[in-house]
Amino acid sequence: MRILFIGDVLGRSGRAAVTRYVPRLREKWALDFIVCNGENSAGGFGITEAICEEMVNAGVDCVTLGNHAFDQRETLVFIERQPRLLRPINYPPGTPGRGANLFTAARGQQVLVVNPMGRVFMDAIDDPFAAMEKELGACPLGVACDAVVVDMHAETSSEKMAMGHFVDGRASLVVGTHTHVPTADAQILPGGTAYLTDAGMTGDYDSVIGMEKEEPLRRFIRKTPGSRYEPANGEATLCGVAVEVGGDGLASMIAPVRLGGRLRQEWPQEWGAP
Ligand SMILES: [Fe+2]
Ligand SMILES: [Fe+2]
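First, a word on what this report is: a plain description of the structure on this page.

Basis of the calculations
All chains use their own residue numbering, which begins from 1 and follows the written sequence. Following the order in which they are written, the chains are lettered starting with A and the ligands numbered starting with 1. For this predicted model, a pLDDT threshold of at least 70 governs which residues receive local features, and a threshold of 80 or more governs which side-chain atom pairs are given and counted, while totals over whole chains, interfaces and linings are taken from all residues. Side-chain numbers here rest on the full set of heavy atoms in the structure, without hydrogens or water. Secondary structure elements follow DSSP: runs of H or I no shorter than four residues count as helices, runs of E no shorter than two count as strands, and numbering proceeds from the N terminus. For Na, K and Ca the donor cut-off is 3.2 Å, while for other metals it is 2.8 Å, and in both cases only N, O and S atoms qualify; water is not among them, so sites may look incomplete. Each label reflects the angles at the metal, where four donors whose angles all fall between 85 and 135 degrees are tetrahedral, four or six donors whose opposite pairs open beyond 155 degrees and whose other angles stay between 65 and 115 are square planar or octahedral respectively, and the rest are irregular. Fitting a line to C-alpha atoms yields each axis, with helices limited to the stretch in contact; the angle taken between N-to-C directions then spans 0 to 180 degrees. Here the word oblique covers every angle except those under 35 degrees (roughly parallel), over 145 (roughly antiparallel) and from 65 to 115 (roughly perpendicular). Each crossing gets its handedness from the near helix: less than a right angle anticlockwise from the far helix is left-handed, clockwise is right-handed. Residue contacts are counted whenever heavy atoms from the two residues lie within 4.5 Å of one another. If DSSP finds at least two bridges between two strands, the strands pair. Under the scheme applied, nonpolar residues are Ala, Val, Leu, Ile, Met, Phe, Trp, Tyr, Cys and Pro; charged residues are Asp, Glu, Lys and Arg; polar residues are all the others, including Gly. Buried, partly exposed and exposed residues are distinguished by accessible area as a fraction of the type maximum, computed with a 1.4 Å probe on protein chains only: under 20%, between the cut-offs, and over 50%, respectively. We define the nonpolar core as a collection of buried residues of types Ala, Val, Leu, Ile, Met, Phe, Trp, Tyr and Cys that are connected through side-chain atoms lying within 4.5 Å of one another.

This part is about the overall build of the protein. Helix and strand counts for the protein stand at six helices and eleven strands. Based on the C-alpha atoms only, the size of the protein along its principal axes is roughly 55 × 45 × 35 Å.

Here you go:
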């Protein structure tokens, strides 16, 4: 089974990369399942129903979120009727929407996607490790599903790496999001789980983590806010990770994907040039 995960889609340029590349990659690479983090897709802050539908129509099977999940108030309502949209699973009980769901992939495979969020240097929410334990217990890999994809949305590399080891052998892929910068540690952990600390953002890298540079610079230098943050609108690099999953649900290949924009281009050699 071939899975593509796409990191935090940032604003208009990030969305343009999704609609440009996803249909092409799905066909060219014969992808079975595509997950995309959409927490910054609406002008950098949250997601709208129209944008979520645009991503699903482009071929994204599941859209995950993070600390920006509810920046757009409409998300509190439409998330209840959009089973392809997940918010962090360890929000307190009663939060609208769901943090995990079981999907049917291209050739009928059952794929569980879970979206835990870290707590180090982030808002204090429920324990993401306990939440993962509960989900994996309810839907074990190789028994109740053919693949498990975990988007660990967190600030620190340590918390993401710890989550990778925590579910090693019990998930197909653990990939980090939120920092908007790709890391170079794609690997298959000893138990067979594909792991990457951060997928990086799908956005314009001539920016401060996706935003026009002027305002972030002003706030760092002067410590006084001037205007609102605006997404940088140069060509985005679609950033993510490609994973091949075997019949046992464990990974046999992981490779970074970086297409378009300013970053050096990367794709899985095994799958061919996009
Ligand atoms: Fe983000
Ligand atoms: Fe985030």
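After that view of the structure, there is still more to cover.
Moving on to the coordination of the iron ion (ligand 2). Bound to the iron ion (ligand 2) are the protein donor atoms Glu39 (OE), Asn67 (OD1), His153 (NE2) and His178 (ND1), situated 2.1 Å from the metal. Note that the iron ion (ligand 2) binds four donor atoms; their angles at the metal cover 87 to 140 degrees, and the shape is irregular. The motif formed by the donor residues of the iron ion (ligand 2), counted along the single chain, is E-x27-N-x85-H-x24-H.

Time to look at the packing of helix H4 (residues 128-138) against helix H5 (residues 157-166). Put simply, H4 and H5 touch, their axes get as near as 11 Å, and they point 25 degrees apart. Taken together, H4 and H5 sit at an angle that is classed as roughly parallel. Along this stretch, H4 crosses H5, giving a crossing that reads as right-handed. Where H4 approaches H5, its residues Pro128, Phe129, Met132 and Glu133 are matched on the opposing element by Glu159, Ala162, Met163 and Phe166.

Quick look at the sheet that holds strand S6 (residues 147-153) now. Taken together, six strands build an open sheet; the order of strands is S4-S5-S6-S7-S9-S8 and the sheet is mixed. At either margin of the open sheet sits one strand with a lone partner, and together these are strand S4 (100-104) and strand S8 (187-188). Sheet topology note: the S4/strand S5 (residues 110-114) ladder contains five bridges and is antiparallel. Among the inter-strand pairings, alanine 100 is bridged to a residue of S5, identified as valine 114.

Our next topic: the packing of helix H1 (residues 11-28) against helix H2 (residues 49-58). Running from N to C, H1 and H2 cross one another at 20 degrees; their axes reach a closest spacing of 9 Å. Here H1 lies roughly parallel to H2, going by the angle between them. Note that H1 runs across H2; the crossing there is left-handed. Contacts from Arg15, Val18, Thr19, Val22 and Pro23 in H1 reach Ile51, Glu54, Met55 and Ala58 in H2. Here the residues of the contact of H1 with H2 sort into six nonpolar, one polar and two charged.

The next subject is the coordination of the iron ion (ligand 1). Taken together, the protein ligands of the iron ion (ligand 1) are Asp8 (OD), Glu39 (OE), Asn40 (OD1) and His180 (NE2), with distances of 2.0 to 2.2 Å. Between the iron ion (ligand 1) and the iron ion (ligand 2), a separation of 3.5 Å is found, and both are coordinated by glutamate 39. Of this pair, aspartate 8 sits in the loop between strand S1 (2-6) and H1 while asparagine 40 sits in the loop between strand S2 (33-37) and H2, and the two are 32 residues apart along the sequence. Considered together, aspartate 8 and asparagine 40 belong to a single accessibility category, that of buried residues.

Time to look at the nonpolar core. With 37 residues, the main nonpolar core has Ile6, Val18, Ile47, Met55, Val60 and Leu85 as its most contacted residues. Contributions of two or more residues to this core are made by S1, H1, S2, H2, strand S10 (238-245) and strand S11 (251-259). For this core, the element with the most residues is H1, which contributes five residues. Setting aside anything within four residues of it in sequence, one finds valine 18 in contact with Val9, Pro23, Cys36, Met55, Ala58, Val60 and Leu238. Of all hydrophobic cores here, the second largest spans 23 residues; its members include Met1, Val111, Ala147 and Ile254.

On their own, these measurements won't tell you what the molecule is for.
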